[in-house]
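Each chain is listed here by its residues.
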Amino acid sequence: MSTIPSADASGTAAPVLSFSPVILSVPGRPVDLQVRVSAPATGTGLAVILLSHGGGPSNNLSSLNGYAPLVNLWAAHGFVVIQPTHLTSRTLSHLVADAAGAPFFWRSRSEDMSHILDRLDVIEKAVPLLCGRIDHTKVAVAGHSFGGFTSSLLLGARVTDPHEGGEVSLFEPRIKAGVLLAAPGRGDVLNGPMADALPVFRTIDFSTMTTPTLVVAGDKDDSRHFTDMGPDWHADPYTLAPGPKTLLSLFGAEHGLGGIAGYDAAETTDENPERVAALARLTAAYLRTQLRPGAPTWQAECEALTTDPDPIGRVESK
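Residues numbered from 1 in each chain as written. Predicted model: local features only at pLDDT ≥ 70, side-chain atom pairs only at ≥ 80, totals over all residues. Heavy atoms only, no water.

## Some points on the overall build of the protein
Step number 1: The number of helices and strands found in the protein is eight helices and twelve strands.
Step number 2: Over its C-alpha atoms the protein spans a radius of gyration of 18 Å, differing by no more than 12% from the 20 Å that the globule rule assigns to 318 residues.
Step number 3: The C-alpha extent of the protein, read off along each of the three principal axes, is 50 × 45 × 35 Å.
Step number 4: Split into buried and exposed, the 318 residues of the protein put 54% on the buried side.
Step number 5: Of all intrachain contacts in the protein linking residues separated by at least 6 positions in sequence, the fraction that spans at least 24 positions is 70%.
Step number 6: Accessible surface for the protein amounts to roughly 12800 Å². Of this, 52% is attributable to carbon and sulfur atoms.
Step number 7: Averaging the coordinates of the 23 positive side-chain charges in the protein and doing the same for the 33 negative ones gives two points 5 Å apart. (Helix = DSSP H or I, 4+ residues; strand = E, 2+ residues; numbered from the N terminus. Rg over C-alpha atoms; globule rule 2.2 N^0.38 Å. Buried < 20%, exposed > 50% of the residue type's maximum accessible area, 1.4 Å probe, protein only. Contact = heavy atoms within 4.5 Å. Areas by Shrake-Rupley, 256 points an atom, 1.4 Å probe, with all protein chains shown as cover. Lys, Arg positive; Asp, Glu negative; His and termini not counted. Charge placed at Lys NZ, Arg CZ, Asp CG, Glu CD.)

Quick look at the structure:
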């Protein structure tokens, strides 16, 4: 266990405890499910954020070892952040290359989160200094890129299985709110080189994604490997899903949203620590208000954004 200095909304150092790996044996999964748990050093009644990683060229960012710039700030804001290593992780590719569902494991990724919730009491007891501090009724999911697709399914979006046919729902009712970070959009506009590699992306239906969700999209995030629709593609989960939904458009942000996947990561094309800190603060405020109705944090952050002479982005809701 390590104590990681982070910062709260006022900039004051807030110690964060990080513990990994917590190992969960899941019947039928080709390797054990490993998770990292990060939490504030103090506090009780803590809400949970399940964080689904994306892909990328680095080995360890697509695992429980990634997303520290976001995780540390969320934990400092009072959340318990649980990060699984999905079967898509580069750290596992040599072990699962021939497993059913390879190489993208789109169904398994969402199922990982339900397995975590099934064993949340086990995880809580396994992490020193955490036992008795989690509110098991306050759970959110967040995901970046492919993790955004994973989170969309947990929040209620549906797909058609490209191999077996038939509609698939992986909706998780224990999850009360979500944050989609640079998530994939609609499937009928896919025409890039990755379109055929991930046919399940073509079938996503956001019309059933009813859980309250904050969609975060960079206005410079042009994912040409999937579509030539431009940055608006990443706003589709907001545009096409029913309310209540909120869209946070980040000015100047590309797919890394300023560098959320890792400190000083080479694949971050738009590194901006100030943007990452602001994004962590805004997403934490949104989730706190969703999970604890009546909390004024989200409204206060939105008001601050509209009065800022140099805002990081804009917010709209429906």
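## Brief notes about the pairing of strand E9 (residues 177-181)
Step number 1: Buried residues dominate E9, accounting for five of its five residues.
Step number 2: Covered by surrounding structure in E9 are Ala177, Val179 and Leu181 together with Gly178 and Leu180, the residues of both alternating faces.
Step number 3: Pairing of strand E6 (residues 134-144) with E9 involves five bridges; the strand directions are parallel. The residue bridging Val141 from the neighbouring strand is Gly178, located in E9.
Step number 4: Two elements, E9 and strand E10 (residues 213-218), share four bridges in a ladder whose sense is parallel. Paired with Gly178 across the two strands is Thr213, which belongs to E10. (Pairing = 2+ DSSP bridges.)

## Remarks on the environment of Trp298
Step number 1: Relative to the helices and strands, Trp298 resides in helix H8 (residues 297-307).
Step number 2: Looking at Trp298, the relative accessible area reads 11%, which means it is buried.
Step number 3: Note: C-alpha distance between Trp298 and Ala284 (14 residues apart in sequence) is 8.4 Å.
Step number 4: The contacts of Trp298, once residues within four sequence positions are left out, are Leu214, Thr246, Leu282, Ala285, Tyr286, Thr289 and Val315.

## Regarding H8
Step number 1: Along H8, the positions that sit buried rather than exposed are Trp298, Glu301, Cys302 and Leu305. Buried residues in H8, looked at end-on, bunch into an arc of 100°, giving them a common side. Of the exposed residues in H8, the ones pointing more than 90 degrees away from its buried face are Gln299 and Thr307.
Step number 2: The elements touched by buried residues of H8 are E10, strand E11 (245-250), helix H7 (273-291) and strand E12 (313-317). (Arc of directions from axis to C-beta.)

## What about helix H5 (residues 146-154)?
Step number 1: With nine of its nine residues buried, H5 lies for the most part within the structure.
Step number 2: Along H5, the residues classified as buried are Phe146, Gly147, Gly148, Phe149, Thr150, Ser151, Ser152, Leu153 and Leu154.
Step number 3: Gly156 occupies a position one or two residues after H5 and carries a positive phi of about 125°.

## So, the side chain of His53
Step number 1: Here His53 shows up in the loop between strand E4 (46-52) and helix H1 (68-76).
Step number 2: The buried category is assigned to His53, whose relative accessible area is 2%.
Step number 3: Of the polar contacts made by the side chain of His53, one reaches the backbone nitrogen of His86; its length is 3.0 Å. (Polar contact = N/O pair within 3.5 Å; in protein donor to acceptor, adjacent residues only side chain to side chain.)

## Describing the nonpolar core
Step number 1: By size, the foremost hydrophobic cluster in this structure holds 51 residues, and its most contacted members are Val37, Leu50, Val80, Ile82, Trp106 and Phe149.
Step number 2: Those residues in contact with Val80 that lie beyond four places of it in its chain are Val37, Ser38, Ala39, Leu46, Ala47, Val48, Ile49, Leu130 and Ile134.
Step number 3: Leu214, Val276, Leu291 and Leu305 belong to the second-largest nonpolar core, a separate cluster that totals 38 residues. (Core = buried A, V, L, I, M, F, W, Y, C linked by side-chain atoms within 4.5 Å.)

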